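Chain by chain, the residues:
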Amino acid sequence: MRKTTPFLILAVGLLALAIDLLPNLKLPNTGAAGGTRPIETKLGLDLRGGLRVEYQVQPVEGVTPTAVDVATIRDIIERRVNSTGVAEPLVQTQGSDRIVVELPGVSDPDAIRSLLGTTGRLDFVPLPKDVYGSVDVAGGGGATPGIKVVPVKGEKLVDPDLKPLFSGDQIASSNVATDQGGARVVAFTLKDEGANLFATWTSDNIGSYFAIVLDGTVVSAPYIQSAITGGEGQISGGGAAGFPLAEATNLVTVLKFGSLPFPIAEIGVTEVKATLGASFLGQALFAGAVGILLVFLFMLLHYRLAGIVANAALVFYIIIVLAIFRLIPVTLTLAGVAGFVLSIGMAVDANILIFERSKEELRIGKGVGPAIEAGFVRAWNSILDSNVSSLITAFILFYFGSSTIKGFALVLIIGVLCSMFTAITVTRFILRAVIARRRFASPYLYGIAPGDLTGAAAAAEANHG
């Protein structure tokens, strides 16, 4: 095992360094979208800037939404957000009827808010020929007396006599497409029940209009020229060119991911400017750098050569932790940076336990090599106990905490696991390589003052000198 340790450390270090420094690296995307995703450092809302929106789920006709209903709405909103391409969105429930959405780096907040707040009730409403429009109207012959004008896109459909033939839950799939004239449309495929209803109605009502209504507003009112029996259709709009791309994409998202079982009301919006996020990031990095520098100075002044070894192991630790952050990826927030700095302190704590145990062995007269080995053996139980208790606490925080607490806990978990590897493996390997050289065998180099040695140990140190 000792022969392979240096190669393992070297391989891990070089791989982590490449992940940290090389640009344009990509990994296979494990999500439903497939493809690849870039390896990059993700910054949270407080560091990158973005949008935080809070919604309240509203009751309908005296029916109060249950916890299951709120969770369902959260899932639908999360799928809508993910479809927009926003990096690392966070959607979570809060209390019994609140949903909080955090969107780092949003470039068009109004469009996102419009999409998220859409209830998504899609209805396919027949417009009977004897009530709305006529073949003459379709042919440009003008309105027929006593016949209502066919509603156009953007109008509210408020006729109480009109009932939906079926709703959006009968849509099996939806995508942006182009029609024969090259106009952008939204194509959809119906499930069996909807396809049968649509085929029957269109077969019996050629020459009528059919309104596609989203949240009570007409999206499109196509003219039925022939029976649609294949279960496939298109929603057109926006003139000769069809839908604008953003509008078509939003409509596809609503069709794909369903309607909300209860309406939601926007009750709070916080927009964090990118300049404010950059200021936070600068302050967080400065504070973290000061903390790390103070740790390095303490180890150097108190443990001398052993402190230099511990600092080298800490540099290695920082490199691999940052690489893991980029691989997962972990979204760094101010709380996450605090967790990272705290994990560095905990990594040093393991080294301190080892060095103090080693100093006890040196004081009673052991040589540097045996004292260091005994220090690792005697400190192991304490290191294991402290790290396991920290991991248990961090997992509890991650499972039960809010978004900010979860970010802190995740960073802490990664840090603790990596610190055990660096403290036990990297520090031990470097120390063994150092103490093999006679000029580094003086107890003084490991934090022992001459007056701290017993008689036998002092004599051995004098002979060494």
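Reading guide: rules and limits
Residues numbered from 1 in each chain as written. Predicted model: local features only at pLDDT ≥ 70, side-chain atom pairs only at ≥ 80, totals over all residues. Heavy atoms only, no water. Core = buried A, V, L, I, M, F, W, Y, C linked by side-chain atoms within 4.5 Å. Buried < 20%, exposed > 50% of the residue type's maximum accessible area, 1.4 Å probe, protein only. Helix = DSSP H or I, 4+ residues; strand = E, 2+ residues; numbered from the N terminus. Pairing = 2+ DSSP bridges. Axes fitted to C-alpha atoms, helices over the stretch in contact; angles between N-to-C directions. 1 Å grid on protein atoms, 1.4 Å probe; cavity = no way out; pocket = protein on both sides within 12 Å on 5 of 7 lines; lining within 4 Å. Points joined across faces, edges and corners; volume = space filled by probe spheres on them. Nonpolar A, V, L, I, M, F, W, Y, C, P; charged D, E, K, R; others polar. Lys, Arg positive; Asp, Glu negative; His and termini not counted. Salt bridge = Lys/Arg side-chain N within 4 Å of Asp/Glu carboxyl O. Polar contact = N/O pair within 3.5 Å; in protein donor to acceptor, adjacent residues only side chain to side chain. Contact = heavy atoms within 4.5 Å. Left-handed = near helix turned anticlockwise from the far one by under 90°. Phe/Tyr/Trp six-rings, centres within 6.5 Å; stacked < 30°, edge-to-face > 60°. Lys NZ or Arg CZ within 6 Å of the ring centre and 35° of its normal. Expected span 1.5 Å × (residues − 1).

Any chance you could explain the nonpolar core here in plain terms?
Grouped burial of nonpolar side chains is what soluble globular proteins tend to show. One finds Tyr317, Phe325, Phe340, Phe355 and Tyr446 to be the most contacted residues of the largest nonpolar core, which totals 47 residues. Where this core is concerned, the elements lending two or more residues are helix H1 (5-21), helix H8 (274-303), helix H9 (305-327), helix H10 (334-363), helix H11 (368-400) and helix H12 (403-435). With 13 residues, the single largest contributor to this core is H9. In this structure, Phe166, Phe188, Trp201 and Leu251 belong to the second largest nonpolar core, which totals 23 residues.

Is there a simple way to explain the sheet that holds strand E14 (residues 264-272) in this structure?
The four strands lie next to each other as E5-E6-E4-E14, forming an open sheet whose pairing is antiparallel. Lying at the two open borders of the sheet, with one neighbouring strand each, are strand E5 (90-94) and E14. Geometrically, the sheet is characterised by an average inter-axis angle of 15° between neighbouring strands, direction not taken into account. The pairing of E5 with strand E6 (residues 98-104) spans five bridges and is antiparallel.

So what exactly am I meant to see when it comes to empty space enclosed by the protein here?
Picture a little ball the size of a water molecule; that probe, rolled over the atoms, points out where space is still empty. The final tally for this structure, using the stated rule, is one cavity of 30 Å³ or more. In this model, the largest cavity occupies a volume close to 30 Å³. Considering the residues around the largest cavity, the lining is formed by Ala306, Phe355, Ser358, Lys359, Leu362, Ile372 and Tyr446. It is H10 that contributes the most residues to the lining of the largest cavity, four residues altogether. Grouping the constituent residues of the lining of the largest cavity by class yields five nonpolar, one polar and one charged.

What is the right way to read the sheet that holds strand E11 (residues 209-214) from this model?
Sheets are built from strands paired through backbone hydrogen bonds, the pairs being either parallel or antiparallel. Reading across from one edge, E8-E7-E11-E12 is the order of the four strands in this open sheet, with antiparallel pairing throughout. Edge positions in the open sheet fall to strand E8 (166-167) and strand E12 (217-220), since each of these has one partner strand only. Across two bridges, strand E7 (residues 122-127) lies against E8 in antiparallel orientation. Note on E8: the bridge partner recorded for aspartate 123 is serine 167.

Honestly, the side chain of arginine 326 in this entry has me stumped. Any pointers?
Examined against the element boundaries, arginine 326 turns out to sit in helix H9. Buried charge without a partner: arginine 326 forms no salt bridge, and the closest opposite charge is aspartate 20, 4.6 Å away. At a separation of 2.9 Å, a polar atom in the side chain of arginine 326 contacts the main-chain carbonyl oxygen of isoleucine 19. Contacts of arginine 326, omitting those with residues within four sequence positions, involve Ile19, Asp20, Leu22, Arg37, Ile39, Glu40 and Thr41.

Teacher, can you tell me more about the packing of H9 against H10 here?
Axis angle and axis distance: for two packed helices, these are the angle between their axes and the distance between the axes, and together they describe the pair. Their axes nearest at 10 Å, the elements H9 and H10 cross at an angle of 145°. The hand of the H9/H10 crossing is right-handed. Counted together, Ala306, Gly307, Ala310, Leu314, Tyr317, Ile318, Val321, Leu322 and Phe325 of H9 and Phe340, Ser343, Ile344, Ala347, Val348, Asn351 and Phe355 of H10 form the full contact between these two elements.

Sorry if this is basic, but what is going on with the packing of aromatic side chains here?
For any pair of aromatic rings, the description rests on two quantities: the centre-to-centre distance and the angle between the ring planes. A full pass over the atoms with the stated rule returns twelve aromatic pairs. For the ring pair phenylalanine 198 and phenylalanine 210, a centre distance of 5.0 Å and an interplane angle of 65° mean the geometry is edge-to-face. With phenylalanine 198 in helix H6 (residues 192-204) and phenylalanine 210 in strand E11, this residue pair connects regions lying twelve residues apart in the sequence. Each member of the pair, phenylalanine 198 together with phenylalanine 210, is buried. In this structure an aromatic cluster arises from ring pairing among Phe124, Phe166, Phe188, Phe198, Trp201 and Phe210. The ring of tyrosine 444 has arginine 304 sitting right over it, with the charged end atom 4.1 Å from the ring centre.

Got a minute to help me understand H10 in this structure?
Helix length check: H10 (30 residues) gives 43 Å between terminal C-alpha atoms against 44 Å at 1.5 Å per residue, within 8%. Just downstream of H10, glycine 365 is the residue with a positive phi angle, here 110°.

What should I look at first to understand the pattern of salt bridges in this one?
Note on pairing: side chains with opposite charge can pair once their charged atoms come close. Evaluated as defined, the whole model comprises 16 salt bridges. A salt bridge links aspartate 110 to arginine 113; its shortest N-O distance comes to 3.8 Å. Of this pair, aspartate 110 and arginine 113 both sit in helix H4 (residues 109-117), separated by three residues, roughly a single helical turn. Classification of aspartate 110 as exposed rests on a relative accessible area of 56%. By relative accessible area, which is 27% here, arginine 113 ends up partly exposed. The residue lysine 148 makes a salt bridge to aspartate 159 at a minimum N-O spacing of 3.0 Å.

Whenever I open this one, the pairing of strand E10 (residues 184-190) confuses me. Can you help?
Walk down a regular strand and you will see the side chains alternate between the two sheet faces. Judged by how many residues are buried, E10 sits mostly within the fold: five of seven residues are covered. Two strands pair when backbone bridges link them, and strand E9 (residues 171-178) and E10 are joined in this way by seven bridges, in the antiparallel orientation. Note that in E10 the partner of valine 176 across the bridge is valine 186. Linkage of E9 to E10, two consecutive antiparallel strands, is achieved through a turn of five residues, within which glycine 182 is found at a positive phi near 85°.

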